[in-house]
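Observations on the three-dimensional arrangement
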Amino acid sequence: MRSVLETGCFLAGILILFYYVGVVLYAGLRASFAWFWLLSGSALILFRFALHYQDLHPGTPLRFVNGAILVLMAAALAVVLVLAGRIVLAMHFEDSSEKDPSYVIVLGAQVKGTSPSRALKRRLDRAAQYAREHPDAVLILSGGQGPDEGISEAECMYRYLVEAGVSRERLLMEDQSTSTQENLEFSAKIILQRTNDTENCEPTAIISNDFHIYRALLLAGKAGYRNAFGVPADSDVGMLPHNIMREICALLVSYARGIL
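Residues numbered from 1 in each chain as written. Predicted model: local features only at pLDDT ≥ 70, side-chain atom pairs only at ≥ 80, totals over all residues. Heavy atoms only, no water.

As a further point, take the pattern of salt bridges. Summed over the entire model, instances satisfying the criterion amount to six salt bridges. The salt bridge partner of Lys121 is Asp125, with a shortest N-O separation of 3.0 Å. Here Lys121 pairs with Asp125, and both are found in helix α4 (residues 118-133), just four residues apart, close to one helical turn. Take Asp125: its relative accessible area is 33%, and that puts it in the partly exposed class. Arg122 serves as the salt-bridge partner of Asp236, at 2.6 Å between the closest nitrogen and oxygen. With Asp236 in the loop between β7 (228-233) and α8 (240-256) and Arg122 in helix α4, this pair connects stretches of sequence that are 114 residues apart. Here Arg122 falls in the partly exposed class, since its relative accessible area comes to 26%. One connected set of salt bridges, linked through shared partners, spans Arg118, Arg122, Asp234 and Asp236. (Salt bridge = Lys/Arg side-chain N within 4 Å of Asp/Glu carboxyl O. Helix = DSSP H or I, 4+ residues; strand = E, 2+ residues; numbered from the N terminus. Buried < 20%, exposed > 50% of the residue type's maximum accessible area, 1.4 Å probe, protein only.)

This is the structure:
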């Protein structure tokens with residue numbers, strides 16, 4: 001049993017390190033959260049050697065440390081599986097077939113210079129399609145400007161959607177937010193100013209990449225939306241494990257900070 005555990009940890013560590021290399025090759029060395037795969041893969045390989053050392057020195061107190069690590073790993077795996085399941089369900093469930101939203105919030109993502117990143121482009125393509133399907137809906141483009149972005153995410157989205165044929169009169173920009181939480185809170189203020197709906201019951205679609213929908217809807221609920229639903233845009237299949245794990249960590253941080 002111990003040899004199986006050692007082999008499993010080693011092989012899992014190697015696979016994770018290979019995945020880290022793939023993430024870096026695809027998204028670059030500065031890819032956000034890529035460090036997680038390097039750290040976790042290395043940690044699993046080191047743990048394998050710690051187990052092997054315990055086999056060679058059975059009387060060492062290291063067995064208590066290794067035992068505690070195994071318990072933590074099992075608990076962490078359980079949490080990851082539960083949250084990953086919820087994220088995946090939200091990715092494939094679009095509860096909007098019979099809804100006609102008054103507002104569509106398009107959540108921002110990284111802008112490279114003045115052009116949308118791959119993730120943002122997918123959101124915008126879905127937004128353009130959704131705008132054609134719901135011609136009376138107003139689109140709120142939500143996203144500020146980061147230090148490495150040439151223009152705000154809202155401005156980038158505005159330019160892209162206008163070029164895609166969406167009428168300027170249907171586009172509102174919210175260009176101050178720096179997080180998903182602020183995206184939704186600041187967009188809610190725009191809706192309130194236009195409708196005086198203090199209960200925030202306007203049917204509101206939220207467009208983001210599929211892996212982001214679960215957390216976005218949780219934050220929408222905390223921000224006071226009473227009639228919001230997700231409209232998932234697709235994402236890069238190869239980056240899906242990376243994005244889901246990043247979402248899980250973001251959820252855990254949000255829970256720890258009392259945001260959710």
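From this point on, the discussion continues.
The subject of this paragraph is the pairing of strand β1 (residues 103-107). Summarising burial for β1: five of the five residues are buried, a large majority. Burial along β1 is two-sided: Tyr103, Ile105 and Leu107 and Val104 and Val106, pointing in opposite directions, are all buried. Relative to strand β4 (residues 138-142), β1 runs parallel, the two being bridged by five bridges. By the bridge assignment for β4, Tyr103 is matched with Val138. As defined by bridge partners, β1 adjoins strand β6 (residues 204-209) across four bridges and the pair is classed as parallel. Bridging across to β6, Val106 finds its partner in Ile207. (Pairing = 2+ DSSP bridges.)

In spatial order, the strands read β5-β4-β1-β6-β7; together these five strands make up an open sheet with parallel pairing. Only two strands of the sheet have a single partner each, and these edge strands are β5 (171-174) and β7. Each adjacent strand pair in this sheet contributes to an overall mean axis angle of 25°, direction not counted. Against the sheet, helix α6 (residues 180-195) makes contact with β1, β4, β5 and β6, and its axis sits at roughly 155° relative to β1, the strand it touches most. (Axes fitted to C-alpha atoms, helices over the stretch in contact; angles between N-to-C directions. Contact = heavy atoms within 4.5 Å.)

Moving on to the layout of surface pockets. Taken as a whole, the largest pocket spans an internal volume of roughly 1500 Å³. Ser32, Ala109, Gln110, Arg123 and Arg246 are the residues nearest the centre of the largest pocket, which is lined by 47 residues in total. Of all the secondary-structure elements, those providing two or more residues to the lining of the largest pocket are α1 (2-27), α4, α6, α7 (213-222) and α8. For the lining of the largest pocket, the element with the most residues is α8, which contributes eight residues. Taken as a whole, the second largest pocket holds about 760 Å³ of empty space. (1 Å grid on protein atoms, 1.4 Å probe; cavity = no way out; pocket = protein on both sides within 12 Å on 5 of 7 lines; lining within 4 Å. Points joined across faces, edges and corners; volume = space filled by probe spheres on them.)

Running from N to C, helix α2 (residues 34-56) and helix α3 (residues 62-91) point in directions that differ by 140°, and their axes come no closer than 10 Å. With respect to their mutual orientation, α2 and α3 come out oblique. In this structure, α2 crosses over α3, and the sense of that crossing is left-handed. Between α2, through Leu44, Phe47, Ala50, Leu51, Tyr53 and Gln54, and α3, the contact on the second element is made entirely by Leu62, Arg63, Asn66, Ile69, Leu70 and Met73. Here the residues of the contact of α2 with α3 sort into nine nonpolar, two polar and one charged. (Parallel < 35°, antiparallel > 145°, perpendicular 65-115°, else oblique. Left-handed = near helix turned anticlockwise from the far one by under 90°. Nonpolar A, V, L, I, M, F, W, Y, C, P; charged D, E, K, R; others polar.)

Both the distance between ring centres and the angle between the ring planes are used here to describe each pair of aromatic rings. In total, this model carries five aromatic pairs according to the counting rule given. Aromatic side chains Phe36 and Trp37 sit 5.1 Å apart centroid to centroid with 85° between the ring planes, which places their arrangement in the edge-to-face category. The burial state of Phe36 is the same as that of Trp37; both residues are buried. Ring-pair connections join several aromatic residues into one group, and the members of that group are Tyr19, Phe33, Trp35, Phe36 and Trp37. Above the face of the Phe49 ring, Arg48 is positioned so that its terminal group lies 4.9 Å from the ring centre. Between the NZ or CZ atom of Arg118 and the centre of the ring of Tyr26, over which it lies, the distance is 4.2 Å. (Phe/Tyr/Trp six-rings, centres within 6.5 Å; stacked < 30°, edge-to-face > 60°. Lys NZ or Arg CZ within 6 Å of the ring centre and 35° of its normal.)

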